[in-house]
Amino acid sequence: MNDSRRLVDKLWSYCDVLRDDGVGVIEYTEQLTYLLFLKMAHERATRGLASERIVPDEYSWQRLLDAQGTKLELTYTNILVGLAREPGVIGTIFRKAQNRIQDPAKLRRLIVDLVGKENWSQSGTDIKGDAYEELLSKGASDKGSGAGQYFTPRPLIQAVVDVMRPTVADTVIDPACGTGGFLLVAHEHARQGAGSMTPTQRDKLRDGLVRGYELVDGTARLAAMNLLLHGIGSANGDSLIEVRDSLIADPGERWSVVLSNPPFGRKSSVMMVGADGREVREDREIERQDFVATTSNKQLNFVQHIATILDTNGRAAVVLPDNVLFEGGAGETIRRKLLTDFDLHTMLRLPTGIFYAQGVKANVLFFDKRVARPGQPWTERLWVYDLRTNMHFTLKQHPLRRADLDDFVMSYKPGMPVSERVESERFRSFGYDEIVARDKANLDITWLKDDSLEDVDNLPSPDVIAREIVEDLTAALVEFEAVATALESQLRDAPRG
């Protein structure tokens with residue numbers, strides 16, 4: 001058994017013990033995150049001449065080792081509260097942290113027998129990082145946790161990064177980073193040339209290559225720890241994960257590479273302070289001066305946000321649901337803007353059954369930002385790779401593998417001019433004039449015969465069909481709302497006789 005597998009099995013074995021006490025998979029992973037950070041900080045502080053103090057003594061791992069019973073509970077809670085006030089990555093990891101383990105004996109066992117017996121600083125970053133990643137994957141697959149929405153299939157991320165080819169010369173951002181999958185794989189790709197890098201480049205690789213924004217505190221802490229365990233950033237440095245709503249405003253910064261899978265769900269919401277002083281989320285349309293359309297559709301707003309933060313000559317790859325391809329009103333306005341002002345050169349149509357949210361139909365849009373040239377659209381041809389039609393995947397029996405995306409990666413021809421591409425059964429190109437002439441500049445383009453429409457045995461499962469019906473009805477309601485709004489506006493403006 002390899003070291004990574006041994007660690008995963010060891011960490012996971014204790015989850016079932018705590019589950020009986022009402023501690024869910026993600027809550028367990030959060031408690032592990034706190035304890036792993038404290039243990040690693042302790043190892044750094046006690047390694048002789050090269051010692052490094054990361055946390056104040058009153059919040060140290062040794063305080064946990066010295067306490068037992070109810071005193072241990074109190075000590076642990078005080079540490080969590082205290083470290084939440086610290087700046088940088090420490091504050092991100094411990095932000096709003098709470099002790100979920102109410103049995104002091106089990107907390108003691110977790111500290112001493114599970115986390116305490118490993119030397120985490122000596123474990124290679126690949127070993128401990130991979131173990132933590134697999135733990136997050138297990139948490140995402142747990143239906144009751146709801147964590148699947150923050151977890152993008154790793155084979156898909158790997159294929160996307162393989163065609164995007166980020167290097168240490170880039171700056172990479174994920175404005176909805178979840179547990180940090182895109183950032184990890186982008187960093188791994190860029191570090192392939194680490195042997196020939198200058199000291200300045202190596203510093204940038206560690207501290208300045210990737211950044212992430214995440215709205216949910218718990219998910220942000222998992223992302224921050226995930227990066228740290230993979231050797232990205234430093235325990236006593238600034239956090240590479242910022243807890244905030246990306247859509248609220250233009251951050252002012254620009255990045256050369258944007259990689260993202262914005263959260264599923266159509267409604268955008270903002271954080272408000274209620275009458276009782278508590279934070280609440282409220283659905284509303286997002287209005288920004290840099291946006292070309294005002295809408296409450298979360299994915300359309302992320303497309304606009306990414307268009308803003310992408311630097312000139314920058315490149316983006318974004319996972320988006322089908323409604324972004326055909327929705328009218330704001331959707332059409334945004335698509336036409338994207339086709340005109342950006343080079344929307346590639347779209348990968350994804351199969352169903354690869355996300356933890358069942359029935360989701362999604363695509364990856366690849367587009368580059370160019371210097372403005374009024375009167376001449378930047379998109380010349382959109383290349384569409386159909387990995388959906390007659391492709392059947394499930395999370396357990398037939399999961400998506402990186403090899404399933406080999407043909408797409410080869411067809412994309414990363415690093416080569418688009419003119420070198422060749423059409424195939426699943427890879428077709430469509431000219432700009434042909435696309436904008438379609439109703440509402442609809443990008444929902446198919447050409448392969450779908451065998452499941454004729455073969456009952458090939459029909460998707462009932463839950464997938466139900467989800468597809470909901471998606472279609474929701475899109476139709478949006479269209480009706482746009483028509484109703486237009487009619488109301490015409491009646492208001494009509495002269496009164």
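Bear in mind the structure is a predicted one, so any value in this text is a computation, not a measurement. (Residues numbered from 1 in each chain as written. Predicted model: local features only at pLDDT ≥ 70, side-chain atom pairs only at ≥ 80, totals over all residues. Heavy atoms only, no water.)

## So, the overall build of the protein chain
Then comes step 1: When its secondary structure is counted, the protein chain shows 17 helices and 11 strands.
Then comes step 2: In the protein chain, which comprises 497 residues, the proportion classed as buried is 50%.
Then comes step 3: On the protein chain, roughly 23200 Å² of surface is accessible, and the fraction owed to carbon and sulfur atoms is 49%. (Helix = DSSP H or I, 4+ residues; strand = E, 2+ residues; numbered from the N terminus. Buried < 20%, exposed > 50% of the residue type's maximum accessible area, 1.4 Å probe, protein only. Areas by Shrake-Rupley, 256 points an atom, 1.4 Å probe, with all protein chains shown as cover.)

## What to know about the side chain of arginine 335
Then comes step 1: For arginine 335, the location among the structural elements is in helix α14 (residues 330-341).
Then comes step 2: Comment: no salt bridge for buried arginine 335; closest opposite-charge side chain is glutamate 332, at 5.7 Å.
Then comes step 3: Separated by 2.8 Å, the side chain of arginine 335 and the backbone oxygen of glutamate 327 make a polar contact.
Then comes step 4: Only 2.9 Å separates the side chain of arginine 335 from the backbone oxygen of lysine 440, close enough to count as a polar contact.
Then comes step 5: Look past the residues within four positions of arginine 335 in its chain and what remains in contact with it is Val324, Leu325, Phe326, Glu327, Lys440, Ala441, Asn442 and Leu443. (Lys, Arg positive; Asp, Glu negative; His and termini not counted. Salt bridge = Lys/Arg side-chain N within 4 Å of Asp/Glu carboxyl O. Polar contact = N/O pair within 3.5 Å; in protein donor to acceptor, adjacent residues only side chain to side chain. Contact = heavy atoms within 4.5 Å.)

## Remarks on the packing of helix α2 (residues 25-45) against helix α4 (residues 69-83)
Then comes step 1: Two elements in contact, α2 and α4, have axes separated by 12 Å at closest approach and are oriented at 80°. Compared by their axis directions, α2 and α4 come out roughly perpendicular. Contacts from Gln31, Tyr34, Leu35 and Leu38 in α2 reach Tyr76, Ile79, Leu80 and Leu83 in α4.
Then comes step 2: Each residue belonging to the contact of α2 with α4 can be placed in one class, and the counts come to 7 nonpolar, 1 polar and no charged. (Axes fitted to C-alpha atoms, helices over the stretch in contact; angles between N-to-C directions. Parallel < 35°, antiparallel > 145°, perpendicular 65-115°, else oblique. Nonpolar A, V, L, I, M, F, W, Y, C, P; charged D, E, K, R; others polar.)

## Focus: the nonpolar core
Then comes step 1: In terms of nonpolar packing, the biggest core is built from 100 residues, with Tyr28, Phe37, Phe94, Leu259, Leu348 and Phe366 touching the most fellow members.
Then comes step 2: Looking at which element gives the most residues to this core, the answer is α2, with 10 residues.
Then comes step 3: Those residues in contact with tyrosine 28 that lie beyond four places of it in its chain are Leu11, Trp12, Tyr14, Cys15, Leu18, Val23, Leu110 and Leu114.
Then comes step 4: Membership of the second largest hydrophobic core comes to 33 residues, among which are Trp255, Leu344, Leu382 and Ile445. (Core = buried A, V, L, I, M, F, W, Y, C linked by side-chain atoms within 4.5 Å.)

## Focus on unusual backbone geometry
Then comes step 1: Phi is positive for lysine 96, close to 55°, though the residue is something other than glycine.
Then comes step 2: Within the element layout of this structure, lysine 96 appears in the loop between α5 (88-94) and α6 (104-115).
Then comes step 3: Positive phi outside glycine occurs at arginine 165, with the angle close to 50°.
Then comes step 4: The topology assignment puts arginine 165 in the loop between α8 (154-164) and β1 (172-174).

## So, the pattern of salt bridges
Then comes step 1: For the structure shown, the criterion picks out 23 salt bridges.
Then comes step 2: Between arginine 44 and glutamate 52 there is a salt bridge, and its shortest N-O distance comes to 3.4 Å.
Then comes step 3: Note that arginine 370 and aspartate 368 form a salt bridge whose closest N and O atoms lie 3.3 Å from each other.
Then comes step 4: Exposure remark for arginine 370: the relative accessible area of 25% places this residue in the partly exposed category.
Then comes step 5: Taking the relative accessible area as the measure of exposure, aspartate 368 reaches 12% and is therefore buried.
Then comes step 6: Connected via shared salt-bridge partners are Arg211, Glu242, Arg244 and Glu253.

## Topic: the sheet that holds β1
Then comes step 1: Spatial strand order, β3-β2-β1-β4-β7-β9-β8-β10-β11: 9 strands in an open sheet with mixed pairing. The open sheet terminates on both sides in strands that have one partner only, identified here as β3 (241-243) and β11 (427-431). Averaged over neighbouring strand pairs, the angle between their axes works out to 15° when direction is ignored.
Then comes step 2: Sheet topology places strand β8 (residues 342-349) next to strand β10 (residues 381-386); 4 bridges connect them, and they run parallel. Opposite methionine 347, over in β10, you have valine 384 as the bridge partner. (Pairing = 2+ DSSP bridges.)

## Details of the pairing of strand β4 (residues 255-260)
Then comes step 1: Burial within β4 is extensive, with 6 of its 6 residues counted as buried.
Then comes step 2: Bridge count for β1 against β4 is 2 bridges, and the pairing is parallel. Bridge assignment links isoleucine 173 to a residue of β4, and that residue is valine 258.
Then comes step 3: Across 5 bridges, the pairing between β4 and strand β7 (residues 310-321) is parallel. When the sheet's bridge partners are listed, leucine 259 is paired in β7 with alanine 317.

## Considerations on the packing of aromatic side chains
Then comes step 1: Summed over the entire model, instances satisfying the criterion amount to 11 aromatic pairs.
Then comes step 2: A centroid spacing of 6.0 Å and a plane angle of 35° characterise the contact between phenylalanine 366 and phenylalanine 408, whose relative ring orientation is tilted. Here phenylalanine 366, found in strand β9 (residues 362-369), pairs with phenylalanine 408, found in helix α15 (residues 406-412); they are 42 residues apart in sequence, far enough to count as distant.
Then comes step 3: The class for phenylalanine 366 is buried, based on a relative accessible area of 0%.
Then comes step 4: Take phenylalanine 408: its relative accessible area is 0%, and that puts it in the buried class.
Then comes step 5: Above the ring of tryptophan 378, the side-chain terminus of arginine 373 is found at 3.5 Å from the ring centroid.
Then comes step 6: Positioned above the aromatic ring of tyrosine 412 is the side chain of arginine 421, whose terminal nitrogen or guanidinium carbon lies 4.4 Å from the ring centre. (Phe/Tyr/Trp six-rings, centres within 6.5 Å; stacked < 30°, edge-to-face > 60°. Lys NZ or Arg CZ within 6 Å of the ring centre and 35° of its normal.)

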